[in-house]
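Structural description and commentary
Letter by letter, the chains look like this.
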Amino acid sequence: NKTIKWFSFYDPFNATTSGNTKALSLELFEKKYGGTIEYIPTTWPARFTDLSTNILGGTGIDFIAGGDLDSFPKGVPNGQFEPYDQYVDFESELWSPVKELNDQFELNGKHYLIATQATSGEVVIYNRQTIQANGYDDPAELLENGEWTWTAFKDMLLDFVDPDAEQYGLDGWFNEKPLMLTSGMAPVELKDGQLVSNLFDARLEKTMNFMYELNQNGLVLDKSLFGWAEHPEFIGEGKELFYICGTYCLESSPDIWSVTFGNPEDVMFVPMPKMDDADEYYLPAGLEAYMLCKGAQNPDGVARFMECILASNQDPGAIEIADNKRRNDFGWTDEMLEMRYKIADMTAENPMYSIHTGCPTDMYNMLDSGEYGIRAAFYGHDWPSVREALAEAVNVMIDEFNASLSAVS
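Residues numbered from 1 in each chain as written. Predicted model: local features only at pLDDT ≥ 70, side-chain atom pairs only at ≥ 80, totals over all residues. Heavy atoms only, no water.

**Looking at the pairing of strand 1 (residues 3-8)**
Inclusion rule: Remark: exposure states derive from per-residue accessible area (1.4 Å probe, protein chains only) relative to the maximum for the residue type, with buried under 20%, exposed over 50%, and partly exposed in between. In this text, helices come from DSSP runs of H or I with a minimum length of four residues, and strands from runs of E with a minimum of two, each type numbered from the N-terminal end. By definition, two strands form a pair when at least two bridges between them are found by DSSP.
Burial analysis of strand 1 places five of its six residues in the buried class, which makes it a mostly covered element. Note that strand 1 and strand 2 (residues 36-41) share six bridges and pair parallel. Looking at strand 2, one finds that I4 is bridged to I37.

**Remarks on the sheet that holds strand 10 (residues 240-245)**
Put simply, the rule is: Axis definition: a line fit to C-alpha positions, over the contact stretch in the case of helices; interaxial angles, taken between N-to-C directions, run 0 to 180 degrees.
Ordered in space as 7-10-6-11, the four strands form an open sheet in which the pairing is mixed. The open sheet has two edge strands, strand 7 (168-171) and strand 11 (267-270), and neither has a second partner. Neighbour-to-neighbour, the strand axes of this sheet turn through a mean angle of 20 degrees, independent of strand direction. Two elements, strand 6 (residues 123-127) and strand 11, share four bridges in a ladder whose sense is antiparallel. Looking at the pairing, V124 lines up with V270 of strand 11.

**Thoughts on the side chain of D138**
Definition in use: Polar contacts, as used here, are pairs of N or O atoms within 3.5 Å; protein pairs need one atom able to donate a hydrogen and one able to accept it. Residues neighboring in sequence count only if both atoms are side-chain atoms. Two residues qualify as a contact provided that any one of their heavy atoms is within 4.5 Å of a heavy atom in the partner residue.
Along the chain, the position of D138 falls in the loop between helix 4 (128-133) and helix 5 (139-144). Of note is the side chain of D138, whose polar atom sits 2.4 Å from the side chain of Y126. Not counting residues up to four positions away in its chain, the partners in contact with D138 are Y126, R128 and I131.

**A short note on the pattern of salt bridges**
Heads up, the rule is: Salt bridge, as applied in this entry: a Lys or Arg side-chain nitrogen positioned within 4 Å of an Asp or Glu carboxyl oxygen.
For the coordinates displayed, the defined rule picks out 18 salt bridges. The salt bridge partner of R128 is E335, with a shortest N-O separation of 2.8 Å. Of this pair, R128 sits in helix 4 while E335 sits in helix 13 (residues 334-349), and the two are 207 residues apart along the sequence. Looking at R128, the relative accessible area reads 14%, which means it is buried. With a relative accessible area of 36%, E335 lands in the partly exposed category.

In structure tokens form, the structure reads like this:
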């Protein structure tokens, strides 16, 4: 059987009329095994419902994306996924470099999430003209000197923010989780194959208190004054200091992103600031990962394709093509490319994820809430009060989830 079935709302592998070219991993799969990928489409809102329908109907869907961590671990006791272990040799030369990464997501003694690489998460974007005009040290230089910390980050915001003068501080929809993860602690995690709560961890509390202070000092853009919308264009206008997002918002024609962030030669980014007294530099990480579906008709084919992805990630030619695309098509400077590599190396040392995004829906809604979850401190709710209201219910749901794992064969 040479065909594997990919189920998603997008197809990153096959060449399409929308302009993407065939992935190198698929070219390797075709040449080495004669393999093909059959794309079975769905939509973002209906993806999990459609997946269940296909599994029950015996369609034989093989794999889906898992890097968003929105289907793991909850999909395992729900009977949607199968472990990969019998198809992969983590001691082999190809797999051993990602064994430790995969072991982080071991559940009930098995690997359901197959990770092919850790990637960089959110970064802090800024405009150098604004930094220089206000006499601040460039964050990229602070990073080089080991001084890009929470304190440096906060002190700049304290000095800059003046709403009466239309000077705003921190903007973006992706602030809370990446800031939280710089503590080296997530609210819940997998430990020894079980879900555990870290809500009373001192590092997590310190992060929440830091975000609470940002709110109380008015350092975060009050979106309620702007129709509940973010305004990254304020960065380019010199009216805003920092914007947290993935580098994908800079991965388009410079004619597009420069309208938002300013002249390309002035735009720069750095990793999230380090918690001042952290033992390591922890950074939010992205994840390239996949999951083998229950009833997969070609699991061995999926495992072989995963190996093609691992090989393509290490291919110098593919890396050079990606760099040239950022330089020539996206208008990146050499310094931006160097920073991207630096952040990737730093992230690989201590990648941080928050598994709460893939917890059962009720637990996720509680943990991710801006009223009584991990976002609450950022909206002016003190962490001890939030935690008191949250902890007992989360513990009950964790116990229920762990108990449900015992029924998984």
